There are 2 protein chains.
Amino acid sequence: MPASRAMVRHIADLFSDRAKLMKGSDIRELLKLTQQKDMISFAGGLPNPQAFPVVEIQEICNDILSKNAYYALQYGATEGNQKLRELLIKRHVEKDGMKAEGNAILITSGSQQGLDLMGRVFLNKDDVVLVEAPSFTGAIGAFRTYRPTIEGIWMDENGMRMDVLRETIKHVRNHGGNIKFLYTIPTFHNPAGTSMSLARRKELLEIAHEHDIIIIEDDPYGELRFTDETFPTLKSMDKDNRVVYLGTFSKTLVPGFRCAWAFGPEEIINKMAIAKQSADLCTNTFTQAVAYEYMFRGYIDKHLNNIRALYKQKAEVMINAMKKYFPEEAKYNVPKGGMFVWVRLPKDINVRDMVPRAIQEKIAYVPGDAFYTTGEGKNCMRLNYTNASDEQIEEGIKRLGKIMKEELAKTKTANHTAPPPASV
Amino acid sequence: MPASRAMVRHIADLFSDRAKLMKGSDIRELLKLTQQKDMISFAGGLPNPQAFPVVEIQEICNDILSKNAYYALQYGATEGNQKLRELLIKRHVEKDGMKAEGNAILITSGSQQGLDLMGRVFLNKDDVVLVEAPSFTGAIGAFRTYRPTIEGIWMDENGMRMDVLRETIKHVRNHGGNIKFLYTIPTFHNPAGTSMSLARRKELLEIAHEHDIIIIEDDPYGELRFTDETFPTLKSMDKDNRVVYLGTFSKTLVPGFRCAWAFGPEEIINKMAIAKQSADLCTNTFTQAVAYEYMFRGYIDKHLNNIRALYKQKAEVMINAMKKYFPEEAKYNVPKGGMFVWVRLPKDINVRDMVPRAIQEKIAYVPGDAFYTTGEGKNCMRLNYTNASDEQIEEGIKRLGKIMKEELAKTKTANHTAPPPASV
């Protein structure tokens, strides 16, 4: 009786505990809306396709497929393309003064996989992870798979606050918490847009040494600087060999290649490689070969200058529009690099209340609370300036400014006329 | 005092419980040895590079980069390229009579990722997974990350034994075990080389219905058949919508693209997509676009005939050499498709004892116990015939036959002269 057969009963009951807690991210749902026609999106973190070196990629693909196709299309080592690994180490040693010891680098399928593998290799349920507050939602999502407690450390304009970090470590350890690692985006932070000062970097490494804490340094934006000001990577200052540095080609070549790397202590890299073997066996060998040639032929540094110039100009267009159209209550940093501006509105504004009107006006942003684990940041929003056209940026900021002003007016009226809040 | 600084103390103590149990696979270590010069390897599962459609790939890469580069190089949806998903569903519906309901397909970074995501989405520690004995080591590794109990179901020449399956389900449930899914490679099994009969396929689906068990049907080799005999996929016979079918381009296009798919109940596919978002955000968009064009332009079916002819011929070379050089005690199947021959020697032979001599003779295979969770299979070995040249196959089988005969002679002498085993 085929017709009477039931589907599997209650699939949801069979899901693992971790899967029962998994939810699609806010940003993901928002990004679906941004695919609507005429939508101006500041919501994603998409590079500008004008920054893709298409001509060079085509040249390299042709060369590889003409001369070295079999190797580039076959299964590869889990650790990654050996020549690419060596060239990345060479670049880090020469450019950043990083030190490599032994088998120090693993090619990953995007830095997102580096984050997942770190979680997989270190986290038991209820272990503690320290992150900046706010922090990258993708990192929070990756760690959450392994069900740790995530502790947010407040930031200011100089990055993670070291007084708060010290307090938090003390508090966690006093309560028996097992801190497995600290996750930071020190340069051109996502979403905050700021960079950790040199003094803070030194202090962070001191604290990590004192408390013997492993650091994940996520650095997707470090190369995207708009000024001559540079920051040493934490990894280059890492005398203890306790930093796992995550680098990526997603913003300096193209994101579609899913080609990134983790650079750190051999013992950790080896364990991540074993974990990666079960996760996806190896990273795409063809696009690893393309990435290698892109560096080997010296295209990357030439091309980086183009990307920097483009994004610097985009950031200026957005900041100029914000000066023109945003209410004075909106506070923000002027970006010195990276891809984002973080906007703070008065505490009594909830930017989620503005989303329906924003969608109606065909403008998208990410509400700030998506970047916190605690529901903070409701008065903040993250704006991306790299993907939209100059005209879209001008027009989008204009619309957003109008919505902000309406919301501020509403709130003022409400504050003026509403009874005092009940003490629930 | 930088010089006196210690590295992180005892990284290994900080590893998660799952990471502490992770070990590199035997096959992985063996494959490293096979990179030695002059080594003839039957150990891997590598497609033959002659089977890579390089000319078509080059044509497609050029077209994409000339006409549609921005889309193909940008971040993509976690679920995968929409056109590729639709074309895969269409192909399955038309070719295999599978039924698609809703959002039924997820593009994964190789089928290895499909296995990992199934583990992630379903397995709590100590849940039960049913697999064939022997089974694919990559699947066992992926599931083990989530620390289930893995129960092996004996196979015979018609695939998984249904009497053993019924017994095992009864036994597990009587002991309070929570069976989350059954994993099978029904067609051209890795490593056993055999296919599940039609009668067994029907009975498997009956048993799964009766006991409400989800099935993973891993089908990397189904298209690589050497005869006119075809088997319906379990998914095409799946009236309950309880089968998650895993397909891949690794053996029909190239493995380096890491492009595969999971096709199954919408509720499971959606949960896997959420899990994938944290695992690697999305699969390589460029090679997804290439895979789409490879199918859309109709190249795949033309090319499949070339691959089938090549592998059929390779299998014949190996079987003919085995008839010539192997001792009569070595038993094996004649492959009707796929990539492997499974060789069984007498029970008192341990093929690991032969490995040092094999390495010395520059010949590599995978010992059978790598495919069991219980230490069985010590008298078996898996031989791959797709990657080596015809001359290498002939020479390699000759060397292997010599080693087998020596080992058999040694064992006979030992049996003849040794005292009866002590009853320990």
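For clarity, every value in this text was computed on a predicted model and none was experimentally measured. (Residues numbered from 1 in each chain as written. Chains lettered and ligands numbered in written order. Predicted model: local features only at pLDDT ≥ 70, side-chain atom pairs only at ≥ 80, totals over all residues.)

Focus on the sheet that holds strand 11 (residues 340–344) of chain A
This is how it is decided: Strands qualify as paired when DSSP identifies two bridges or more between them. Where helices and strands are cited, they refer to DSSP runs of H or I of at least four residues and of E of at least two residues respectively, numbered from the N terminus.
Spatially, four strands are ordered 10-11-14-13 (chain A) in an open sheet, and the strand pairing comes out antiparallel. Looking at the sheet topology across the chains shown, the edges are occupied by strand 10 (331–332) and strand 13 (366–367) of chain A.

Re helix 6 (residues 82–96) of chain A
Residues and elements named next belong to chain A. The line we're drawing: How far a helix is expected to stretch is found by multiplying one less than its residue total by 1.5 Å. Each residue is classed by its C-beta neighbour count within 10 Å, where at least 20 other C-beta atoms makes it buried, 12 or fewer makes it exposed, and intermediate counts make it partly exposed; the C-beta atoms are placed from backbone geometry. It is the directions from the helix axis to the C-beta atoms whose arc is reported. Whether two residues are in contact is decided by their C-beta atoms, placed from the backbone, lying within 7 Å.
The terminal C-alpha atoms of helix 6 lie 21 Å apart, and with 15 residues this matches the ideal 21 Å at 1.5 Å per residue to within 8%. If you check which residues of helix 6 are buried, you get L84, R85, L88 and H92. Down the axis of helix 6, the smallest arc covering the buried residues is 100 degrees, so these residues share one side. For helix 6, the exposed residues lying more than 90 degrees away from the buried face are Q82, K90 and E94. On its buried face, helix 6 is in contact with strand 2 (105–108), strand 9 (260–263) and helix 12 (285–296). Looking at the residues trailing helix 6, positive phi occurs at G97, about 70 degrees.

Describing the nonpolar core
Rule in force here: Note on definitions: a nonpolar core is a set of buried residues drawn from Ala, Val, Leu, Ile, Met, Phe, Trp, Tyr and Cys, linked by C-beta atoms within 7 Å.
By size, the foremost hydrophobic cluster in this structure holds 241 residues, and its most contacted members are V290 of chain A together with V290 of chain B. Once residues within four sequence positions are removed from consideration, V290 of chain B is found in contact with I57, I60, C61, I64 and F257 of chain B.

Overview of unusual backbone geometry
For residues other than glycine, phi is negative in most cases, and the peptide bonds are mostly trans. Cis rather than trans, the peptide bond between A133 of chain A and P134 of chain A has omega equal to 10 degrees. With respect to the helices and strands, P134 of chain A occurs in the loop between strand 3 (128–133) and helix 8 (137–144). The phi angle at R258 of chain A is positive, at roughly 50 degrees, despite the residue not being glycine. At D38 of chain B, a residue that is not glycine, the phi angle is positive and equals roughly 70 degrees. Looking at where D38 of chain B falls in the secondary structure, it is placed in the loop between helix 3 (26–33) and strand 1 (40–41).

A few points about the interface of chain B and chain A
Quick note on the threshold: Residue polarity is assigned by list, with Asp, Glu, Lys and Arg as charged and Ala, Val, Leu, Ile, Met, Phe, Trp, Tyr, Cys and Pro as nonpolar; anything else, Gly included, falls into the polar class.
Each partner contributes to the interface: chain B provides 76 residues, whereas chain A provides 76 residues. Mapped by element, the contributors of at least two residues to the side of chain B that touches chain A are helix 1 (11–14), helix 2 (17–21), helix 4 (54–67), helix 5 (69–73), helix 7 (110–122), helix 8 (137–144), helix 11 (266–280) and helix 12 (285–296) of chain B. With nine residues, the single largest contributor to the side of chain B that touches chain A is helix 11 of chain B. Looking at the side of chain B that touches chain A residue by residue, the classes come out as 37 nonpolar, 23 polar and 16 charged.

Regarding the domain arrangement of chain A
Residues and elements named next belong to chain A. Heads up, the rule is: Each domain's limits were defined by an automated method or a database of domain assignments.
For chain A, the domain assignment lists domain 1 (17–46 + 302–411) and domain 2 (54–297). Taken over C-alpha atoms, the centre of domain 1 sits 25 Å from the centre of domain 2. It is helix 13 (residues 299–325) that contributes the most residues to the side of domain 1 that touches domain 2, six residues altogether.

Concerning the relation of the copies chain B and chain A
The condition is simple: What sets the superposition is a least-squares fit of C-alpha atoms, and only residues with pLDDT of at least 70 in both copies go into it.
For the match of chain B to chain A, the screw axis carries a shift of 0.0 Å, the RMSD comes to 0.0 Å, and the turn is 180 degrees. Overall, the copies show the geometry of a two-fold rotation axis. A high fraction, 100%, of the interface residues of chain B reappear at the interface in chain A, so the copies pair face to face through one surface.

Brief notes about the sheet that holds strand 10 (residues 331–332) of chain B
Residue and element names in this part refer to chain B. Spatial strand order, 10-11-14-13: four strands in an open sheet with antiparallel pairing. Edge positions in the sheet fall to strand 10 and strand 13 (366–367), since each has one partner strand and no second. Strand direction decides the pairing type here: strand 11 (residues 340–344) and strand 14 (residues 380–384), joined by five bridges, are antiparallel. Note on strand 14: the bridge partner recorded for F340 is N384.

Some details on the pairing of strand 2 of chain A
Residues and elements named next belong to chain A. Side chains of strand 2 alternate between two faces, with I105 and I107 and L106 and T108 buried alike. Examined bridge by bridge, strand 2 and strand 9 share four bridges and lie antiparallel to one another. Considered in strand 9, the bridge of I107 is made with W261.

Concerning the packing of helix 4 of chain B against helix 12 of chain B
Residues and elements named next belong to chain B. Counted only if it meets this: Structural elements are reduced to axes, namely lines fitted to C-alpha atoms, with helices fitted over the stretch in contact, and the angle between N-to-C directions of any two is expressed from 0 to 180 degrees. With the far helix as reference, a near helix turned anticlockwise by less than a right angle produces a left-handed crossing, and one turned clockwise produces a right-handed crossing.
Relative orientation of the contacting elements helix 4 and helix 12 amounts to 115 degrees, with a least axis distance of 10 Å. The crossing of helix 4 and helix 12 is right-handed. When helix 4 is examined against helix 12, the residues E56, I57, I60, C61 and I64 are found in contact with a partner set consisting of A289, V290, E293 and Y294. Residues of the contact of helix 4 with helix 12, tallied by class, amount to seven nonpolar, no polar and two charged.

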